[in-house]
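Analysis of the macromolecular model
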Amino acid sequence: MASEKEQEREIAELRAVATPTRRATVPELEEILYTPLPVLDHGFVRVVDYMGDDGAIVQAARVSYGRGTRKVSEDKGLIHYLMRHRHSTPFEMCEIKFHVKLPIFVARQWIRHRTANVNEYSARYSILDNEFYLPAPAQLAAQSAANRQGRGEVLEGEEAAHVLELLREDSRRQYAHYMEMLNESETGEATDPGRSGLARELARMGLTLNFYTQWYWKVDLHNLMHFLSLRADAHAQYEIRVYADAMVDVMRRWVPLCHEAFVQHRLHAVTLSAAALAAVKRMIAGEKLTQESSGLGKREWRELAAVLEVGE
């Protein structure tokens, strides 16, 4: 893995070169091209390349829908129409490639989205850096009593300090053991000429999941929005949500009209079941509903009440 200084030098060299092109470019995205956007304590997201813009979405839609699009004459209106009615193909015409540095446990959540092209740093070939994620105190929380995959109250005082120290000690110890098993220095020389050292593909298995990895992640806009709609949601785990938040801002720079439609119709929108919609209509008509009379299950009723900001 290239050192931080080597990466900074590479980025500076890339940003120093301007390449003439006839393809569409986006000035606001060009401003941050190759620039690492910090995430967590050692992570980042940076845009390496992209193809298309808002205009590419509109162009593809007009080819697909032909004369029917004359009813939506403006690009903004058309993009909102496509988003609202989930006509996804025009959004697939835009692509973006990210370089991401992230903790391994975040990468294992992320990779569940199987609609991107991914090339990850190989710990079989190279030595991982001694960089690991330690949560900020505000993120050290107990297990939620109501949600098996969520957090509850933030830990405080001695317990929080003890947990943080355990995480730090475990990470340092495991990395020291990793380097000892490899029997290699960071420059690749044997630390003990009398030992062979363990293969890199085996030595890595003792490292904790908070160590950082890196990958290139290329995805089309349609699948990017699906990823962001799940991972930028308030219910997503904090450590992946902050990456999604950074990428939502990249999307704002890249395709501002699409970003606006995405926020309005997907990210901050709610989908109701037929039963929930019927319940809302009854409420609008003035009927006083309870969970029992609504026809909804307890969980769906709670979710609907939270969306409408009414008491259960």
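Above this note sits the structure.
This write-up is about the structure you can find in this document. Not measured: the values here are computed from a predicted model.

Criteria and cut-off values
Residues numbered from 1 in each chain as written. Predicted model: local features only at pLDDT ≥ 70, side-chain atom pairs only at ≥ 80, totals over all residues. Heavy atoms only, no water. Helix = DSSP H or I, 4+ residues; strand = E, 2+ residues; numbered from the N terminus. Buried < 20%, exposed > 50% of the residue type's maximum accessible area, 1.4 Å probe, protein only. Contact = heavy atoms within 4.5 Å. Areas by Shrake-Rupley, 256 points an atom, 1.4 Å probe, with all protein chains shown as cover. Lys, Arg positive; Asp, Glu negative; His and termini not counted. Charge placed at Lys NZ, Arg CZ, Asp CG, Glu CD. Pairing = 2+ DSSP bridges. Axes fitted to C-alpha atoms, helices over the stretch in contact; angles between N-to-C directions. Parallel < 35°, antiparallel > 145°, perpendicular 65-115°, else oblique. Left-handed = near helix turned anticlockwise from the far one by under 90°. Patch = residues over 30% accessible without salt bridge, like charges linked within 9 Å, V, L, I, M, F, W, Y side chains within 5 Å. Salt bridge = Lys/Arg side-chain N within 4 Å of Asp/Glu carboxyl O. Disulfide = S-S within 2.5 Å. Polar contact = N/O pair within 3.5 Å; in protein donor to acceptor, adjacent residues only side chain to side chain.

Notes on the overall build of the protein chain
Each helix and strand in the protein chain was counted, giving 13 helices and seven strands. Put simply, the protein chain has 312 residues, and 39% of those count as buried. Counting contacts in the protein chain only where the partners sit at least 6 residues apart, residues at least 24 apart contribute 68% of the total. Within the structure as shown, the protein chain displays about 18600 Å² of accessible surface, and the carbon and sulfur contribution to it stands at 51%. Of the charged side chains in the protein chain, 39 are positive and 44 negative, and the gap between their average positions amounts to 8 Å.

Points about the sheet that holds strand E2 (residues 43–51)
An order of E1-E2-E3-E7-E4 is seen for the five strands of this open sheet, with the pairing classed as antiparallel. Since the sheet does not close on itself, it has two edges, and those belong to strand E1 (37–39) and strand E4 (117–120), each with one partner. Strand-to-strand twist of the sheet, defined as the mean angle between neighbouring strand axes without regard to direction, takes the value 25°. The pairing of strand E3 (residues 95–103) with strand E7 (residues 212–220) spans nine bridges and is antiparallel. Bridge pairing links Val100 to Trp215 in E7. Its contacts with the sheet put helix H8 (residues 221–231) on E3 and E7, and the angle it makes with E7 is roughly 130°. Set on the sheet, helix H9 (residues 238–254) makes contact with E1, E2, E3 and E7; between it and E3 the angle comes to about 155°.

Examining the packing of H8 against helix H10 (residues 256–267)
Interaxial distance between H8 and H10 falls to 11 Å at its minimum, and their mutual angle equals 45°. In terms of orientation, H8 and H10 fall into the oblique class. Two packed elements cross with a definite hand, and for H8 against H10 that hand is right-handed. Residues Leu221, Met225, His226, Leu228 and Ser229 of H8 pack against Cys258, Phe262, Arg266 and Leu267 of H10.

What to know about a nonpolar patch on the surface
A cluster of nonpolar residues, Val270, Leu272, Leu277, Val307, Leu308 and Val310, forms a patch on the protein surface that exposes about 450 Å² of accessible area. The topology assignment puts Val310 in the segment after helix H13 (298–308).

Focus: the state of the cysteines
The tally for this structure, following the rule as stated, stands at zero disulfides. Counting only cysteine sulfurs, Cys258 is the nearest neighbor of Cys94, a cysteine outside any disulfide, at a range of 7.4 Å.

Some points on the packing of helix H4 (residues 75–84) against H10
Interhelical geometry of H4 versus H10 gives an angle of 40° and a closest axis separation of 9 Å. By the criterion of interaxial angle, the relationship of H4 to H10 is oblique. Note that H4 runs across H10; the crossing there is right-handed. Within the contact between the two elements, H4 uses Asp75, Lys76, Ile79, His80, Met83 and Arg84 and H10 uses Leu257, Cys258, Glu260, Ala261, Phe262, Gln264, His265 and Arg266.

Structural notes on the side chain of Asp54
With respect to the secondary-structure elements, Asp54 resides in helix H3 (residues 54–65). Buried and unpaired, Asp54 has no salt bridge, with Lys76 as the nearest side chain of opposite charge at 11 Å. Side-chain polar atoms of Asp54 contact the backbone nitrogen of Leu257, separated by 2.9 Å. Look past the residues within four positions of Asp54 in its chain and what remains in contact with it is Ile79, Val255, Pro256, Leu257 and Cys258.

Thoughts on the pattern of salt bridges
Scanning the entire structure with this criterion turns up 16 salt bridges. With its nearest N and O atoms 3.6 Å apart, the salt bridge here joins Arg253 to Glu31. Taken together, the positions of Arg253 in helix H9 and Glu31 in the loop between helix H2 (27–30) and E1 put the pair 222 residues apart, joining distant regions of the chain. Residue Glu31 is classed as exposed on the basis of its relative accessible area of 51%. The salt bridge partner of Glu287 is Arg282, with a shortest N-O separation of 2.8 Å. Looking at Glu287, the relative accessible area reads 39%, which means it is partly exposed. On the basis of relative accessibility, which here comes to 28%, the residue Arg282 falls in the partly exposed class. One connected set of salt bridges, linked through shared partners, spans Glu28, Asp249 and Arg252.

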